[in-house]
Amino acid sequence: MTDADDLRRRTDELLAAHPPATTERLEFLRARFDAGLAWVHFPRGLGGLDAPRSLQAVVDAELEAAGAPGNDPGRIGVGLGMAAPTILRFGTDEQKQRFLRPLWTGEEVWCQLFSEPGAGSDLAALATRAVPDSGGDWIVDGQKVWTSSAHLARWAILIARTDPGVPKHRGISYFVCDMTDPGVEVRPLRQITGEAEFNEVFLTGVRIPDAHRLGAVGEGWKVAQTTLMNERVAIGGARMPREGGMIGVAAADWRARPELRTHDLHQRLLKLWVEAEVARLTGERLRQQMTKGQPGPEGSGMKLAFARLAQEISGWEVEFLAEDGLTYDDWTMRRPDGVDFTGREAGYRYLRAKGNSIEGGTSEVLLNIVAERVLGLPPEPRTDKDVAWKDLPR
């Protein structure tokens, strides 16, 4: 069984064969994947060594100390946090071999085509249709919305309705969509920050081969649950040190600006600091639980905490900095590669955090998930569970 010493040895061998100072970045990342040091808990041949997930930190620490290049997870977060675990669990051997390596190295960016204008919180109500043609392909028509990185993406994970004659959760299938297909149109959605990291995507006669279907026909909702659970962990459970993230920025502001301090602001900062630390430690415990299997509904609680803290901390920071908290560097319409919650000014953080309680599952929906699936409380009445999707009022 692979242990920490074995991983250190393998890492040393990688560094000796591909010195970071003289090896081109992409070449190094490919070599790291092939050595099984990308995701150590993934299977051999797919970027891993069948090792415990907890040992990934050993590899990461060794490579960071050696100055090895990273794969820019902020840019390829959808692929790493959502597409990869779904492909690993439900993909065919051919799909795993085709998609996982360029996904991890960042050669191919991924996006997520789930939400629609009429199916956001109630995602299973989606109306995008996938119809089989005589040649064995699927023809997809519909619209998706709030799609991060669609303007950068080569591939997308897509759910579409393949059977409107059954209840909404049972008539969905899951696909990998080629974003270069001529029927895919990506339009920017300008946000309150002035930027457009989100997009709306129009699908017109998009042809998807059946070989790009994940899971059985009609079982897309089951496959999507793996994506969604991993998404919430990816958003709310990222590993960070004490005083990492936005609470670290707020604490640094407090230490640097003693002339702005008040007793009330001090008390509120202390409360937020403690809550952020509790969330950090809870996330660490959740990651330890994940070493034994797939993430469960507990990730929804982490995402809830992340959204609330991001909004409260950024609000505190704007209030503490007074007029300086209202400054903003650039309202130019841009299409960024990702979100930067710690490298920008307070005004940006305050505005961008407003989306945290919507993206990745609205806080209201996640509260229901925690109540029903974590706490075991009675579910809300649902009158549409046994009604065919085509018969639902819209």
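What you see is a predicted model; the values in this text were computed from it and never measured.

Here the focus is the overall build of the chain. Counting its secondary structure elements, the chain contains eleven helices and eight strands. For 394 residues, the compact-globule formula gives about 21 Å, and the C-alpha radius of gyration of the chain, at 22 Å, lands near that figure. Judged by the C-alpha coordinates and their principal axes, the chain covers about 70 × 55 × 45 Å. Counting the 394 residues in the chain, one finds 49% classified as buried. Of all intrachain contacts in the chain linking residues separated by at least 6 positions in sequence, the fraction that spans at least 24 positions is 70%.

For the pair helix 1 (residues 4–17) and helix 3 (residues 56–65), the least separation of the axes is 9 Å and the interaxial angle reads 35°. Two packed elements cross with a definite hand, and for helix 1 against helix 3 that hand is right-handed. Listed contacts from helix 3 to Ala4, Leu7, Arg8, Thr11, Asp12, Leu14 and Leu15 of helix 1 are Val58, Val59, Glu62 and Leu63. Taken together, the residues that form the contact of helix 1 with helix 3 break down as seven nonpolar, one polar and three charged.

On to the side chain of glutamate 116, then. Inspection of the secondary structure puts glutamate 116 in the loop between strand 1 (110–113) and strand 2 (129–132). Accessibility expressed as a relative area gives 6% for glutamate 116, which makes it buried. Within the structure, glutamate 116 has its side chain in polar contact with the side chain of threonine 128 (distance 2.7 Å). In this view, glutamate 116 contacts Leu126, Ala127, Thr128, Gln143, Lys144 and Val145; residues no more than four positions away in its chain are not counted.

Let us look at the nonpolar core. Trp39, Leu100, Trp110, Phe114, Ile159 and Tyr174 are the most contacted members of the largest nonpolar core, which has 37 residues in total. Elements supplying a minimum of two residues to this core: helix 2 (25–34), helix 4 (77–90), helix 5 (93–105), strand 4 (155–161), strand 5 (172–178) and helix 6 (220–236). With seven residues, helix 4 is the largest single contributor of residues to this core. Once you skip the residues sitting within four places of it in the chain, phenylalanine 114 turns out to touch Leu123, Lys144, Ile157, Leu158, Ile159, Tyr174, Ala224, Thr227 and Leu228.

This part takes up unusual backbone geometry. Not every positive phi belongs to a glycine, and tryptophan 146 is a case in point at roughly 60°. You can call tryptophan 146 exposed: its relative accessible area is 52%. Its identity as a non-glycine residue notwithstanding, glutamate 243 has a phi of 65°, on the positive side.

Its 14 residues give helix 1 an end-to-end C-alpha distance of 20 Å, which sits within 8% of 20 Å, the value for a rise of 1.5 Å per residue. Along its buried surface, helix 1 packs onto helix 2 and helix 3. One side-chain oxygen of the residue at the start of helix 1 lies 3.3 Å from the amide nitrogen of aspartate 5, identifying that residue as aspartate 3.

Looking now at the packing of helix 4 against helix 5. Their axes nearest at 10 Å, the elements helix 4 and helix 5 cross at an angle of 160°. The angle between the axes of helix 4 and helix 5 places the two elements in the roughly antiparallel class. Crossing of helix 4 over helix 5 shows left-handed handedness. Of the residues in helix 5, those in contact with Gly79, Leu80, Ala83, Ala84, Ile87, Leu88 and Phe90 of helix 4 are Gln95, Lys96, Phe99, Leu100, Leu103 and Trp104. A breakdown of the residues in the contact of helix 4 with helix 5 according to their chemical character gives ten nonpolar, two polar and one charged.

As a further point, take the packing of aromatic side chains. A complete count under the given rule lists 15 aromatic pairs for this structure. Taken together, a centroid distance of 6.4 Å and an interplanar angle of 45° make the contact between phenylalanine 33 and tryptophan 104 tilted. Of this pair, phenylalanine 33 sits in helix 2 while tryptophan 104 sits in helix 5, and the two are 71 residues apart along the sequence. When sorted by exposure, phenylalanine 33 lands in the same class as tryptophan 104, which is buried. Ring geometry for phenylalanine 306 and phenylalanine 341: centres 6.3 Å apart, planes at 80°, overall edge-to-face. With phenylalanine 306 in helix 9 (residues 298–321) and phenylalanine 341 in the loop between helix 9 and helix 10 (346–352), this pair connects stretches of sequence that are 35 residues apart. A cation over an aromatic ring shows up here: arginine 344 above the ring of tyrosine 348, its NZ or CZ 3.9 Å from the ring centre.

Covalently bonding the sulfur atom of one cysteine to the sulfur atom of another cysteine gives a disulfide. In this structure the tally under the stated criterion is zero disulfides. A disulfide-free cysteine, cysteine 111 has its sulfur positioned 7.7 Å from the sulfur of cysteine 177, the nearest such atom. Given the relative accessible area of 0%, cysteine 177 is considered buried.

This part takes up the side chain of glutamine 56. With respect to the helices and strands, glutamine 56 occurs in helix 3. Given the relative accessible area of 13%, glutamine 56 is considered buried.

Before going further, it helps to spend a moment on the pairing of strand 5. Buried residues dominate strand 5, accounting for six of its seven residues. The sheet contact formed by strand 4 and strand 5 spans seven bridges and is antiparallel. Bridging from a neighbouring strand, arginine 161 pairs with isoleucine 172 of strand 5. In this sheet, strand 8 (residues 213–214) lies alongside strand 5 in antiparallel orientation, the contact comprising two bridges. Looking at the pairing, tyrosine 174 lines up with leucine 214 of strand 8.

Conventions and cut-offs
Residues numbered from 1 in each chain as written. Predicted model: local features only at pLDDT ≥ 70, side-chain atom pairs only at ≥ 80, totals over all residues. Heavy atoms only, no water. Helix = DSSP H or I, 4+ residues; strand = E, 2+ residues; numbered from the N terminus. Rg over C-alpha atoms; globule rule 2.2 N^0.38 Å. Buried < 20%, exposed > 50% of the residue type's maximum accessible area, 1.4 Å probe, protein only. Contact = heavy atoms within 4.5 Å. Axes fitted to C-alpha atoms, helices over the stretch in contact; angles between N-to-C directions. Left-handed = near helix turned anticlockwise from the far one by under 90°. Nonpolar A, V, L, I, M, F, W, Y, C, P; charged D, E, K, R; others polar. Polar contact = N/O pair within 3.5 Å; in protein donor to acceptor, adjacent residues only side chain to side chain. Core = buried A, V, L, I, M, F, W, Y, C linked by side-chain atoms within 4.5 Å. Expected span 1.5 Å × (residues − 1). Parallel < 35°, antiparallel > 145°, perpendicular 65-115°, else oblique. Phe/Tyr/Trp six-rings, centres within 6.5 Å; stacked < 30°, edge-to-face > 60°. Lys NZ or Arg CZ within 6 Å of the ring centre and 35° of its normal. Disulfide = S-S within 2.5 Å. Pairing = 2+ DSSP bridges.

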